Amino acid sequence: MKFTTTWKRLRLAAASLMTASLLVGATSLSVAAATKLNAEGLIIPQRQNWSFAGVFGRYDRAQLQRGFKVFHDVCSQCHAASHLTFRELSEPGGPEFTKAQVKALAATYKIKDGPNDQGEMFTRPGKPSDPWPWTFPNDESAKSALGAVPPDMSLLAKARTVEYGFPYFLAEGLPFFEDEEQGPDYIYALIKQGYMDPPKGMKVPSGLYYNAVIQGSNHLIKMPSPLAMMFDSAGKPNDPKFYTDGTPITEDQVARDVSAFLMWAAEPKLEQRKRMGFNVLVFLGVFATLLYLVKRKVWAGVHDAPPSV
Amino acid sequence: MSGPSTYVPKSAFGRWFEQRLPIMGLMHSSFIVFPNPRNLNYFWTFGGILSFMLVAQILTGVTLAMHYVPDARLAFNSVEHIMRDVNYGWLLRYMHANGATMFFLAVYIHMLRGLYYGSYKAPREVLWLLGVIIFLLMMATAFMGYVLPWGQMSFWGATVITNLFSAIPVFGNYVTAWLWGGFSVGDPTLNRFFSLHYLLPFMIAGVVILHIWALHVPGSNNPAGVEPKSSKDTLPFHPYFTIKDGFAVVVFMIFFAWFVFFVPNFFGHADNYNPANPLVTPQEIVPEWYFLPYYAILRSIPYKLPGVLTMFASIAVFAFLPWLDTSRVRSGTYRPVFKVFFWVFVLCGIGLGYIGSQRVSDATILAGRLLLTYYFVFFLVILPLLGLLETPRQVPASISAAVLGAKGAAAAMPRGVGAEPSVKG
């Protein structure tokens, strides 16, 4: 009798919990579905599904290789990636190009080196150990050509974030809700959703572009839409065979792939970290359980009678 | 550290050595047979957890220093070199950065436990004061450590905090220039912060030894707040507390490991992955979470010097706690009114932290001032008056009475009969 009432109560509690979470889920979904502007005309980037999210998250090699192609053909024309080396492209846990591919790729770049034994600087083909070379010799030259220094891309995915505010940020630290992917969420939203026509009556100065993901200063950004360089205004790709692995090229696909690639560039040890982390948690969990059992054994009876010491 | 040792070494070499340097006897009396109150709950394991964190921080820190370069042009790159090229460098750095957070989390629990159970009261005032010194050293160490990666938040955090000293009348600007080693935060500042960041943890370790020494003279306080009266009230440190502390440390490590391996940048700030740039001020300069309550206090005062003084006073007030709390009853368990004010104080601290993380507006300024008022009223008015006005509940006659209940106090009770184990989990 007593058991059945407890069971009923439990079921009631579970049902109300589920209803509550469904409601919360529905509200957050409706927020997500509306990639719409908030009161300040700002798009708050939404959480995307990433293969590298979660305890068992791993990068999608094919996606990283596609993202690398976007980075190589488009982004790196202007952006630097000074912390990224060629060799990392063939290391485990990344796009995992073959060593030969990376060697051939590096050799297509001319690297300034020296001085040699005559005291002269010289150029040589790139080697896998070289850092990613930049189009511009220095910041000043980038600024004079582009009007601003584009941010270095190697850490961009960790240097950008989405502030969800109190109390949501607390959940981002909890198991099952954890979120270290705000950077790629932000980059995806910036290039896929942010570029749009400015509000009526607003004049965008030449050399600037309207992007609703950019905070402050009237949502203006100096980077022209990178997708507009690859697609026409109707969303048709300039090069339908851009991806060599047969993946159809769409604006959404390009934005996702390059965001994932930038996350890897910023956090190349993510897979190693998560794999080791799981093992560490399992070990510590077993160890803690054993210690607890020993502790119980040691303390057994201690509070029943005066200790015999 | 509690009187002459009864330790007799088993081996001949041990006896020979003990006559010349009785360090094994010291360890034996301090960590083997040392009598601890038998009713300690799990809040008393945070001393062990903090010792573990100090050792973990020093070990990871010394290893990181082998690869880090304290040079304004190279520091940021050297940290990235650690993350990418050094074997398990990412692990060392994430452990060290999250370790600071865990250290402060544990020290705040440790301090609030002391506050709740009146652990600072006679004869433990010096023990408490040494703790306050450790806390100050920790804050200085953590602040300087956050500057070392030389990201945007490092640089601008250092600028804001060192600028506080310019509030000193007349000499302020000289003092800040002296701290910087120049006319702004720069290479000399980074170098001296690195040097001090390496030095201070060893000073902390020294004061921790004094802290443990001062603990082992009167022994631990306990949840009942009455001193042990007989051997019935205590248990030897080993095996009872070594196993209990060991279990607590491993549980804490699980919590620590979660952040290191799965959300390593949760407590960090994204802007610190942008290299320091003296020409670009970040939209918001926010300190690490453990400094947010003090930051809120600083920003609640509209004038610079009084703001700085109030902020320092909010930390210094801890040193006067043993004399501000006038209650003769130690443990908050037996102080029904104190309990309420205590928990409001905890919420007030969390509230100040929240205000410190927010953009300044009229509402946050007002809320910050209200919370700040309660913070000081709690220490300077409530604690002194409460000791005189509050009627505490009956304090147990002894620790064994508290553990075993009124019946169990009769020592002749047979084993297995009597109250349930009452150790709080």
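Scoring rules and cut-offs
- Residues numbered from 1 in each chain as written.
- Chains lettered and ligands numbered in written order.
- Predicted model: local features only at pLDDT ≥ 70, side-chain atom pairs only at ≥ 80, totals over all residues.
- Heavy atoms only, no water.
- Helix = DSSP H or I, 4+ residues; strand = E, 2+ residues; numbered from the N terminus.
- Rg over C-alpha atoms; globule rule 2.2 N^0.38 Å.
- Buried < 20%, exposed > 50% of the residue type's maximum accessible area, 1.4 Å probe, protein only.
- Contact = heavy atoms within 4.5 Å.
- Buried area = accessible area lost by both parts, 1.4 Å probe.
- Salt bridge = Lys/Arg side-chain N within 4 Å of Asp/Glu carboxyl O.
- Domains from an automatic or database assignment.
- Polar contact = N/O pair within 3.5 Å; in protein donor to acceptor, adjacent residues only side chain to side chain.
- Phe/Tyr/Trp six-rings, centres within 6.5 Å; stacked < 30°, edge-to-face > 60°.
- Axes fitted to C-alpha atoms, helices over the stretch in contact; angles between N-to-C directions.
- Parallel < 35°, antiparallel > 145°, perpendicular 65-115°, else oblique.
- Left-handed = near helix turned anticlockwise from the far one by under 90°.
- Nonpolar A, V, L, I, M, F, W, Y, C, P; charged D, E, K, R; others polar.
- Core = buried A, V, L, I, M, F, W, Y, C linked by side-chain atoms within 4.5 Å.

What follows deals with the overall build of chain B. A tally of regular secondary structure across chain B gives 16 helices and two strands. Here chain B has a C-alpha radius of gyration of 24 Å; the compact-globule value for 425 residues is 22 Å, and the two agree. Structurally, chain B occupies a C-alpha span of about 75 × 60 × 40 Å along its principal axes. Evaluated residue by residue, chain B yields a buried proportion of 52% over its 425 residues. Sequence-distant contacts in chain B: of pairs separated by 6 or more residues, those separated by 24 or more amount to 80%.

Here we take up the interface of chain A and chain B. Contacts between the two partners involve 54 residues from chain A and, on the opposite side, 56 residues from chain B. Taking both sides of the interface into account, the surface hidden between chain A and chain B amounts to around 4,700 Å²; carbon and sulfur atoms contribute 69%. Inspection of the chain A/chain B interface yields two salt bridges. Across the pair Arg84 of chain B and Glu88 of chain A runs a salt bridge whose closest N-O atoms are separated by 2.8 Å.

All names here are of chain A. Using the criterion set out here, one finds 25 salt bridges over all chains in the structure. Residues Arg124 and Asp130 are paired through a salt bridge, measuring 3.0 Å at the closest nitrogen-oxygen approach. We classify Asp130 as buried; its relative accessible area is 8%. One continuous salt-bridge network, built from bridges that share partners, spans Lys158, Glu180, Glu267, Arg273 and Lys274.

Attention now goes to the domain arrangement of chain B. Residues and elements named next belong to chain B. Each assigned domain of chain B is listed with its residue range as follows: domain 1 (33-225 + 235-281) and domain 2 (286-404). Its C-alpha centre places domain 1 at a distance of 22 Å from the equivalent point of domain 2. Taken together, the contact pairs 43 residues of domain 1 with 40 residues of domain 2. Regarding the contact of domain 1 and domain 2, the summed buried area is about 3,600 Å², with carbon and sulfur atoms giving 70% of it. Three residues, Leu115, Tyr116 and Lys121, lead the burial of domain 1 against domain 2; their summed loss comes to 19% of the area buried on that side. Where domain 1 meets domain 2, there are one salt bridge. In this structure, the salt-bridge partner of Lys121 is Asp325, at a minimum N-O distance of 3.1 Å. If you look at where domain 1 meets domain 2, you find 13 residue pairs in polar contact (both at pLDDT 80 or more).

All names here are of chain A. Across all of its chains, the model carries 64 aromatic pairs over all chains by this definition. A centroid spacing of 5.0 Å and a plane angle of 45 degrees characterise the contact between Phe86 and Trp132, whose relative ring orientation is tilted. With Phe86 in the loop between helix H2 (61-73) and helix H3 (99-107) and Trp132 in the loop between strand E2 (122-125) and helix H4 (139-146), this residue pair connects regions lying 46 residues apart in the sequence. Classification of Phe86 as buried rests on a relative accessible area of 0%.

For the rest of this paragraph, the subject is helix H2 (residues 23-31) of chain B. By the burial criterion, the buried members of H2 of chain B are Gly25, His28, Ser29 and Ser30 of chain B. Contact partners of the buried residues in H2 of chain B: helix H1 (12-20) and helix H9 (187-216) of chain B.

All names here are of chain B. The contact between helix H11 (residues 292-300) and helix H15 (residues 362-389) brings their axes to 9 Å, and the two run at 110 degrees. Comparing their axes, H15 and H11 come out roughly perpendicular. When the axes of H11 and H15 are compared, the crossing they make is left-handed. Between H11 and H15, the contacting residues are Tyr294, Ile297, Arg299 and Ser300 on the first element and Ile365, Gly368, Arg369, Leu372 and Tyr375 on the second. When grouped by side-chain class, the residues that make up the contact of H11 with H15 number five nonpolar, two polar and two charged.

The subject of this paragraph is the nonpolar core. Leu89 and Trp132 of chain A together with Phe104, Tyr375 and Phe379 of chain B are the most contacted members of the largest nonpolar core, which totals 179 residues. It is helix H10 (residues 237-262) of chain B that provides the largest number of residues to this core, a total of 16 residues. Two domains each put at least three residues into this core: domain 1 (33-225 + 235-281) and domain 2 (286-404) of chain B. Excluding residues that lie within four positions of it along the chain, Phe379 of chain B makes contacts with Val317, Phe318, Leu321, Leu324, Phe345 and Pro384 of chain B. Counting seven residues, the second-largest nonpolar core is a separate cluster that includes Val226, Val329, Tyr334 and Leu404 of chain B.

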